[in-house]
Amino acid sequence: MRIGVLTGGGDCPGLNAVIRAIVRTGYYEYHDEVIGIRDGFAGLIRNRTHPLDMNRVSGIMPRGGTILGASNRDNPFDYAEHGNGGMTTTDVSDTVVENYHKNKLDCLIVIGGDGTLDIAHKFIAKGLNIIGIPKTIDNDLNATEVTFGFDTAVGTVVDALDKLHTTAESHHRIMVVEVMGRYAGWIAVASGIGGGAHIILIPEIPFDIDKIVQKIYERKGRGRHFTVIVVAEGATPAGGEMIVKRTVEGAPETMRLGGIGEQVATELEKLTNIEARCTVLGHIQRGGTPSAFDRILATRYGSAAVALAHEGKFDHMVALHSADIVPMPLSEALHKMKRVDLNGSHIKTVRMTGISFGD
Ligand code: F6P
């Protein structure tokens, strides 16, 4: 087969491990040719492709990012272009179909989050053979137990929390750490547990600033004069709104969140008279070398996707279920966000170990 591969949406650690697995599985198991597509769907709009052979993927496993480039704004069904008259959007999906055929592709493997996989799914109706591979540091896809990238992102936050603990303790400060995750609190809750945070604020549980103050005083009463707080970028005070930092035209998901960490730190300093600082970890969470867990999951996903292509099981994505990699119809997998389960064991663990959700 001639298999096209693209990485769409925001990047995450482990993308190169998937690309490598696709090329190696194609080479050793099926004698496929693999074609890399540049910058997500933009590469099929502008026909920017190149062969991916064994040498091209040699040594890329530990590298963060994606050797193919990624884009989280080039939606071919609603393609934004800036001209003299401002921004216009057009449907250029037929150009994608043309370029798929020009490149003589038998199948396109799309590695992306919900937005990218949704675009990919629409191409089924236009006759393309699509296989999806789920990725996102946010771990917010219901169709799979874990997305690769998440474990590395959590590791990065835990590392930062370890460092912030020591300076928080030295200066008797409140340290607020804002983390990514969009509308789901997975990164915050997992890293908060692993990094020993005292308070974790997540979008699933609106917080009350007075409850946070109470927790800080409870610690102070025990002689602990510092507090480390993890705040998910989508966290909100009860009755409040998420803070939108910017909007990105042409992206499947236009809102970019951010700013709640600084707001919480400022309010806490006012209310407690304890110095507070905010660290926004931002895109550091998306970079760096993938963890062993992410490399292994990414490699399993990549190989399984090529096997699906050879079974002709298109319009499916690979997913992790009960330790196995299984095919999942895209129609069932899409638009189902996995948020932190309020009755799940993460929440129970947090509460039982005395960490506060500020509620
Ligand atoms: O979905 C991954 C993610 O990193 C989110 O956690 C974050 O809100 C968003 O992407 C940031 O997007 P951008 O790279 O466009 O700033």
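In the neighbourhood of the ligand, the contacting residues comprise N72, I137, D138, M180, G181, R182, E233, R256, H283 and R286. Interatomic distance of 2.7 Å between a side-chain N/O atom of D138 and an oxygen atom of the ligand. In the model, an oxygen atom of the ligand is placed 2.5 Å from a nitrogen or oxygen of the R256 side chain. When the ligand is considered free in solution it has 400 Å² of accessible area, and contact with the protein chains removes 84% of it. Of the residues in the shell around the ligand, the class split is two nonpolar, three polar and five charged.

Spatial strand order, β9-β10-β8-β13: four strands in an open sheet with parallel pairing. Bordering the open sheet on either side are β9 (199-201) and β13 (276-280), each of which pairs with just one other strand. This sheet shows a mean twist of 20 degrees between the axes of neighbouring strands, independent of strand direction. Of the pairings in the sheet, the one linking strand β8 (residues 174-179) to strand β10 (residues 227-232) comprises six bridges and is parallel in character. Bridging from a neighbouring strand, V179 pairs with A232 of β10. The sheet contacts of helix α8 (residues 260-272) involve β8, β9, β10 and β13, and relative to β8 the element is tilted by about 165 degrees.

What follows deals with the environment of L268. In this structure, L268 sits in helix α8. The class of L268 is buried, set by a relative accessible area of 0%. Placed 82 residues apart in sequence, L268 and V350 show a C-alpha to C-alpha distance of 21 Å. Every residue in contact with L268, bar those within four places of it in the chain, is listed here: I174, I209, I212, V213, I216, I229 and N273.

In this section: the pattern of salt bridges. Scanning the entire structure with this criterion turns up 13 salt bridges. Across the salt bridge formed by K215 and E218, the nearest N and O atoms sit 3.1 Å from each other. Remark: E218 and K215 occur in helix α7 (residues 209-221); sequence separation between them is three residues, near one turn of the helix. By relative accessible area, K215 is classed as buried at 11%. Relative accessible area serves as the criterion here: at 39%, E218 is assigned to the partly exposed category. A cluster of three or more residues bridged by salt bridges with shared partners is formed by R173, E275 and R277.

In this structure, H31 takes a positive phi of about 60 degrees despite not being glycine. By the secondary structure assignment, H31 is in the loop between α1 (15-30) and β2 (33-37). Take H31: its relative accessible area is 65%, and that puts it in the exposed class. Phi at N273 takes a positive value of approximately 65 degrees, unusual for a residue other than glycine. Position of N273 relative to the elements: it lies in the loop between α8 and β13.

Our next topic: the nonpolar core. Burial of nonpolar side chains together is a common tendency in soluble globular proteins. In this structure, I22, I109, I111, I133, F148 and I202 are the most contacted members of the largest nonpolar core, which totals 70 residues. Tallying contributions element by element places helix α5 (residues 150-171) first for this core, with nine residues. Both domains that meet at this core, namely domain 1 (2-148 + 290-333) and domain 2 (153-286), each give it at least three residues. Listed in part, the 28 residues of the second largest apolar core include V97, A143, M328 and A333.

This paragraph deals with the environment of I209. Counting through the fold element by element, I209 comes out in helix α7. Discounting residues that sit within four places of it in the chain, I209 has contacts with V264, E267, L268 and L271.

Cut-off values and rules
Each chain has its residues counted from 1, running along the sequence as written. Per-residue local features of the predicted model are confined to residues with pLDDT of at least 70, and side-chain atom pairs are confined, for both listing and counting, to 80 or more; whole-chain, interface and lining totals are unaffected and use all residues. Side-chain figures throughout are based on the complete set of non-hydrogen atoms in the structure, without hydrogens or water. Residue proximity to a molecule or strand is established when one non-hydrogen atom of the residue lies within 4 Å of it. N or O atoms closer than or at 3.5 Å make up a polar contact, with two conditions inside protein: a donor-capable atom paired with an acceptor-capable one, and, for residues adjacent in sequence, both atoms drawn from side chains. A 1.4 Å probe and the Shrake-Rupley method give the accessible areas. Residues count as covered only by the protein chains that appear here. In this classification, Asp, Glu, Lys and Arg are treated as charged, Ala, Val, Leu, Ile, Met, Phe, Trp, Tyr, Cys and Pro as nonpolar, and every other residue, Gly included, as polar. Two strands make a pair as long as DSSP finds a minimum of two bridges between them. Secondary structure elements follow DSSP: runs of H or I no shorter than four residues count as helices, runs of E no shorter than two count as strands, and numbering proceeds from the N terminus. For helices, the axis comes from a line fit to the C-alpha atoms of the stretch in contact; other axes are also lines fit to C-alpha atoms, and the angle between any two N-to-C directions lies between 0 and 180 degrees. Contact criterion: two residues are considered in contact whenever any of their non-hydrogen atoms come within 4.5 Å of each other. Residue exposure (1.4 Å probe, protein chains only): buried if accessible area is under 20% of the type maximum, exposed if over 50%, otherwise partly exposed. What counts as a salt bridge is simple: a side-chain nitrogen of Lys or Arg found within 4 Å of a carboxyl oxygen of Asp or Glu. Take the buried residues of types Ala, Val, Leu, Ile, Met, Phe, Trp, Tyr and Cys, join any two whose side-chain atoms come within 4.5 Å, and each joined set is a nonpolar core. Each domain's extent is set by a domain assignment, obtained either automatically or from a database.

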